[in-house]
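# Breakdown of the fold
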Amino acid sequence: MKDGSFDIIVVGGGHAGCEAALAAARMGARTALLTMHLDAIAFLSCNPAIGGLAKGQLVREVDALGGEMGKVADAAGIQFRMINTGKGPAMHSPRAQVDKRAYSLEMKRRLEEQPNLVLRQELVEALLAEGGRVSGVRCSSGAAYGAGAVILTTGTFLRGVLHCGSWKTTGGRMGELSAERLSGTLEEAGLRLGRLKTDTPPRVNGRTLDLERLEAQHGDAEPRPFSFSTEAISREQVPCYATQTTPRTHEIIRAGLHRAPLYDGQITAGLGPRYCPSIEIKVVRFPDMEHHLLFLEPEGRGTLEFYCNGLFTSLPRDVQEEMIHSIPGMERAQIMRYGYAVEYDFVPPTQLWASLETKVVEGLFHAGQINGTSGYEEAAAQGIIAGINAARKLQGNEPLVLGRDEAYVGVLIDDLVTKGTEEPYRMFTSLAEYRLLLRQDNADRRLMKYGRQNGLVSQRQWDRLQEKEAAIERLRRCLDTHREGGKSLSRILRRPEMSIGKLAQVHQEVRELAADREACEQVEIEAKYEGYFERQRRQIERFRHAEDKKIPAWLDYNKMPELRNEAREKLSAVRPVSIGQASRISGVSPADVSILLVYLKHGQGGTSSGLSGAST
């Protein structure tokens, strides 16, 4: 007998779980968010920051879809920076240091205020399913909850193990329990599990830092909000500080490697994130480097605790002490929390459809680190998509699947479900083929229509976007119609030294329209990069042509002897929905794709006569 019945149950209160629960509830689904610890809702387990390279684009996309991460970051931020401004607009990424406690409390309050949403402190230990379809969950308390859809956002808590030197214990995060039994029920349901590892750095008392010897890093003079609904950010910002390791630091690390769980065999899940490695890995991998850059980041306004960004480690405590004290400005630093590693189960994401629903259990969705990703922003992006699609499934609607040409969210999910991952996946701008069109500044123009269609974007937000589009069109038309020296102002604007601000100084009509900063930004970028945009649009047309060639679900790759064995195995496992997706699967060659096209053209459905008939 079940203790409660809901439309959708979200398991886990991290960044994926929060976005999933809010999206589902706002779409009218009776939703329950079950989490081990209500005071750890949206907890920033690692660095006290939101956004960054490519991650900032994800946050803005989540906001455009109707999510909360950007709004909460704006409310809890203590320093805001637009990074990579020395490069082209495709590389610009917003980042904010946030007060981690304020962020958690603000998100928790928004969840508490949300109609259709119930929060409950429970440890989920089993998935309930009937006839290949999810029916609910059972908790360690003995309570059982029924639901038409379940979204698992378990983070690092599935059979989590913490490591610091030779010391280890079960846990998904320091001081918290792990979910020991849920993994077994997932395996019983037919899902294959893997094992990943990530690290955290020490935290130190700011009172014991020699800040005068460190390089202060300040926020932007005019901070840009994450959320398209935030008017402005005017509060005082807090500095971060930069320092670096020394040759002495590296000597200490090398001397302690034989006691590092990563190298003595205690950790078995691999080396961890390639692009965010532990300090011991960096010292081993780059033996000729004498220094590695570190950033000391405040954890909030009401604390002196600093996060040592770049010093991720699971070395023993005494080695961490000696290591810290060898770093300039940290000679007297008191460690408040030691760094540690966490090993945990994940579900390789090729077992998911692009909707984030599992292929073997209908109605079961996964989002966040359970899919092998790393980062708050990647988790939130998956969470809002999973929440939307769980609600759409119960409504009888087709899922929302964003293309690689539409959003970083689309790139993220397509990479996961098509290629899978063997290490924690992190989003980078280089992973997006069409990044020039998928900029942080136009996320609202690209994606807010989807948020609006699903009831997640308010009328006020939608009206504001329409006003922005109208302002862009007025300014564009003005530049197209007014001329100087026989050339349109639009053409003149393409010159590297020219800007709308300069044109406004000499043209009254432009000056009247240039008051809208966002419209000016869009028009100027479009004018200066039009040739590149056109090239990417042509690339997208070819991409969509391949995406439009659908592969029927009944196609049996095992009955295609012309395919190579590796391709047959990969295609059978991923079950791509289009020729485009099939071509992106690792191990599937262009020749294999050509064979698929022939079978599809002749409608053979997997009979060996497909190719012989086509060649005569």
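This one's a predicted model, so the numbers in the text were calculated from it and none came from an experiment. (Residues numbered from 1 in each chain as written. Predicted model: local features only at pLDDT ≥ 70, side-chain atom pairs only at ≥ 80, totals over all residues. Heavy atoms only, no water.)

## Quick word on helix α20 (residues 590-602)
The end-to-end C-alpha distance of α20 is 19 Å, a good match for the 18 Å that 13 residues give at a rise of 1.5 Å each. Taken together, the buried positions of α20 are Asp592, Val593, Ile595, Leu596 and Tyr599. Buried residues of α20, viewed axially, fall in a sector of 155°; they line one side. Along α20, the residues that are exposed and aim more than 90 degrees away from the buried face are Pro590 and Lys601. (Helix = DSSP H or I, 4+ residues; strand = E, 2+ residues; numbered from the N terminus. Expected span 1.5 Å × (residues − 1). Buried < 20%, exposed > 50% of the residue type's maximum accessible area, 1.4 Å probe, protein only. Arc of directions from axis to C-beta.)

## Focus: the packing of helix α3 (residues 69-76) against helix α4 (residues 100-113)
The N-to-C vectors of α3 and α4 enclose an angle of 135°; their axes lie 9 Å apart at closest approach. With respect to their mutual orientation, α3 and α4 come out oblique. Between α3 and α4 lies a crossing of right-handed hand. Packed against α3, whose contacting residues are Met69, Lys71, Val72, Ala73, Ala75 and Ala76, the element α4 presents Ala102, Tyr103, Glu106, Met107 and Arg110 at the interface. The class makeup of the residues in the contact of α3 with α4 is eight nonpolar, no polar and three charged. (Axes fitted to C-alpha atoms, helices over the stretch in contact; angles between N-to-C directions. Parallel < 35°, antiparallel > 145°, perpendicular 65-115°, else oblique. Left-handed = near helix turned anticlockwise from the far one by under 90°. Contact = heavy atoms within 4.5 Å. Nonpolar A, V, L, I, M, F, W, Y, C, P; charged D, E, K, R; others polar.)

## Structural notes on the nonpolar core
Counting 78 residues, the largest nonpolar core has Ile8, Ile50, Tyr103, Met107, Ile385 and Leu402 as its most contacted members. The biggest single contributor to this core is helix α9 (residues 376-395), with 10 residues. When residues of this core are assigned to domains, at least three fall in each of domain 1 (5-193 + 344-453) and domain 2 (203-343). Beyond its immediate stretch of four places on either side in the chain, Tyr103 contacts His15, Ala42, Leu44, Ile50, Met69, Val72, Ala73, Ala76 and Val98. (Core = buried A, V, L, I, M, F, W, Y, C linked by side-chain atoms within 4.5 Å. Domains from an automatic or database assignment.)

## Here's the deal with the sheet that holds strand β11 (residues 167-170)
An order of β11-β10-β19-β12 is seen for the four strands of this open sheet, with the pairing classed as antiparallel. Only two strands of the sheet have a single partner each, and these edge strands are β11 and β12 (194-199). If you compare each strand with its neighbour and ignore which way they point, the axes differ by 20° on average. Bridge analysis of β12 against strand β19 (residues 341-346) gives six bridges, and the strand direction is antiparallel. (Pairing = 2+ DSSP bridges.)

## Quick notes on the packing of aromatic side chains
As enumerated under the stated definition, the model contains six aromatic pairs in all. When the centroid spacing of 6.2 Å and the interplanar angle of 50° are considered together, the rings of Tyr529 and Tyr532 count as tilted. In this structure Tyr529 comes out as partly exposed when scored by relative accessible area, which is 24%. Residues Tyr529 and Phe533 carry aromatic rings whose centres are separated by 6.4 Å and whose planes lie at 35° to one another, so their mutual orientation is tilted. Through a chain of ring-to-ring contacts, three or more aromatic side chains come together here, namely Tyr529, Tyr532 and Phe533. When the ring centre of Phe228 is taken as origin, the NZ or CZ atom of Arg60, which lies over that ring, is 4.0 Å away. Positioned above the aromatic ring of Trp353, the side-chain terminus of Lys359 is 5.0 Å from the ring centre. (Phe/Tyr/Trp six-rings, centres within 6.5 Å; stacked < 30°, edge-to-face > 60°. Lys NZ or Arg CZ within 6 Å of the ring centre and 35° of its normal.)

## Describing the domain arrangement of the protein
Split into domains, the protein comes out as domain 1 (5-193 + 344-453), domain 2 (203-343), domain 3 (472-543) and domain 4 (549-604). For domain 1 and domain 2, the distance between their C-alpha centroids amounts to 26 Å. The interface is formed by 54 residues belonging to domain 1 together with 48 residues belonging to domain 2. Overall, the association of domain 1 and domain 2 removes approximately 3900 Å² of surface from exposure, summing both partners, and the carbon and sulfur fraction of that is 54%. Together, Ile78, Phe80 and His163 form the three largest contributors to the area buried by domain 1 at its contact with domain 2, with a combined 19%. The interface formed by domain 1 and domain 2 contains two salt bridges. (Buried area = accessible area lost by both parts, 1.4 Å probe. Salt bridge = Lys/Arg side-chain N within 4 Å of Asp/Glu carboxyl O.)

## Considerations on the pattern of salt bridges
A complete count under the given rule lists 52 salt bridges for this structure. One salt bridge connects Glu362 with Arg133, and the closest N-O pair in it is separated by 2.9 Å. Residue Glu362 is located in the loop between β19 and β20 (364-366), and its partner Arg133 is located in strand β8 (residues 133-139); the two are separated by 229 residues in the primary sequence. Residue Glu322 is joined to Arg248 by a salt bridge in which the shortest nitrogen-to-oxygen separation is 3.0 Å. Of the two residues, Glu322 sits in helix α8 (residues 317-324) while Arg248 sits in helix α6 (residues 247-256), which places them 74 residues apart along the sequence.

## Considerations on the packing of helix α2 (residues 55-65) against α9
Look at α2 against α9: their axes get within 9 Å of each other, and the N-to-C directions meet at 25°. Judged by the inter-axis angle, α2 sits roughly parallel to α9. Helix-helix and strand crossings are classified by hand; for α2 and α9 the assignment is left-handed. Counting all contacts with α2, which are made through Lys55, Leu58, Val59, Val62 and Leu65, the residues of α9 involved are Glu377, Glu378, Ala380, Ala381, Ile384 and Ile385. Tallied by class, the residues present in the contact of α2 with α9 amount to eight nonpolar, no polar and three charged.

## A short note on a positive patch on the surface
On the surface, a cluster of positive charge is made up of Lys487, Arg491, Arg494 and Arg495. In this structure Arg495 comes out as partly exposed when scored by relative accessible area, which is 35%. (Patch = residues over 30% accessible without salt bridge, like charges linked within 9 Å, V, L, I, M, F, W, Y side chains within 5 Å. Areas by Shrake-Rupley, 256 points an atom, 1.4 Å probe, with all protein chains shown as cover. Lys, Arg positive; Asp, Glu negative; His and termini not counted. Charge placed at Lys NZ, Arg CZ, Asp CG, Glu CD.)

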